[in-house]
Amino acid sequence: MFESNGFEVVVRPDGRGADVAARLTGMLPEARVVVVTMYDDDGSVREALAAGASGYVVKDASPAQLVAAVRAAEQGAVVLGSGVAPAAGLRVRAPAADPFGLTPRERDVLDLLVRGLSNPQIAERLAVSGKTVSNNVSALLAKLGAADRAEAARIARETFDR
């Protein structure tokens, strides 16, 4: 297991990605897990998604597909890689709608703000300047109609089911 740029990678040699997804989402409900596996059967896909995975990609996917799956999951989408046949009758929860028109970067900042990170911590995590984070927080407060960070976090939790 290692962490880089806010992403944690867990390697499971026994092929039980669904178990990892269940454990991670059980400990951190806001975690977004993308299972990367060699199994592409309907049962494995269903099991992983039922366990809380936000994505499911086969190991022979291209690096670009893997990056796209992680980025999509980060934004709240549920992703099935191109090597995964859609499971018949599979039902997944749609990502929360964004009534505020936030940019992807503002969603990133809001997510970290909700987690209680300070502006310097957010800047470090996102590899941007403190001024950029400050500008993003100001834009978030305006778009959310929030008076302060605490109110913005409350609105985000209520709106985006964090």
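How each quantity is defined
- Residues numbered from 1 in each chain as written.
- Predicted model: local features only at pLDDT ≥ 70, side-chain atom pairs only at ≥ 80, totals over all residues.
- Heavy atoms only, no water.
- Helix = DSSP H or I, 4+ residues; strand = E, 2+ residues; numbered from the N terminus.
- Buried < 20%, exposed > 50% of the residue type's maximum accessible area, 1.4 Å probe, protein only.
- Contact = heavy atoms within 4.5 Å.
- Areas by Shrake-Rupley, 256 points an atom, 1.4 Å probe, with all protein chains shown as cover.
- Pairing = 2+ DSSP bridges.
- Axes fitted to C-alpha atoms, helices over the stretch in contact; angles between N-to-C directions.
- Right-handed = clockwise from strand over helix to strand, strands pointing away.
- Salt bridge = Lys/Arg side-chain N within 4 Å of Asp/Glu carboxyl O.

Under an unreviewed UniProt entry, the name given to the protein is Response regulator transcription factor, and the source organism is Luedemannella flava.

Right, let's talk about the overall build of the protein for a bit. A count of helices and strands for the protein gives 7 helices and 5 strands. When the elements of the protein are put in sequence order from the N terminus, they spell out β-β-α-β-α-β-α-β-α-α-α-α. Relative to its full complement of 162 residues, the protein shows a buried share of 33%. Within the protein, contacts between residues separated by at least 24 positions form 53% of all contacts whose residues are at least 6 apart in sequence. Per element, the accessible surface of the protein, about 9,300 Å² overall, is 54% carbon and sulfur.

With that out of the way, let us pick up the sheet that holds strand β3 (residues 33-37). Sheet architecture is open: 3 strands sit in the order β3-β4-β5, paired in parallel fashion. Of all strands in the sheet, those bounded by a partner on one side alone are β3 and β5 (79-80). Inspection of the sheet shows β3 paired to strand β4 (residues 53-58) by 5 bridges, in the parallel sense. Bridged to V33 within β4 is A53. Across the sheet, helix α3 (residues 63-74) touches β3, β4 and β5, and the angle it forms with β3 is around 155 degrees.

In this section: the pairing of β4. Burial runs high along β4: 6 of the 6 residues are buried. At this point the chain moves from β3, through helix α2 (residues 42-50), to the parallel β4, and the crossover so formed is right-handed. Pairing of β4 with β5 involves 2 bridges; the strand directions are parallel. Residue Y56 lies in a different strand from β5, and its bridge partner there is L80.

Evaluated as defined, the whole model comprises 5 salt bridges. D108 is paired through a salt bridge with R105; the nearest N and O atoms lie 3.9 Å apart. Of this pair, D108 and R105 both sit in helix α4 (residues 104-114), separated by 3 residues, roughly a single helical turn. Given the relative accessible area of 15%, D108 is considered buried.

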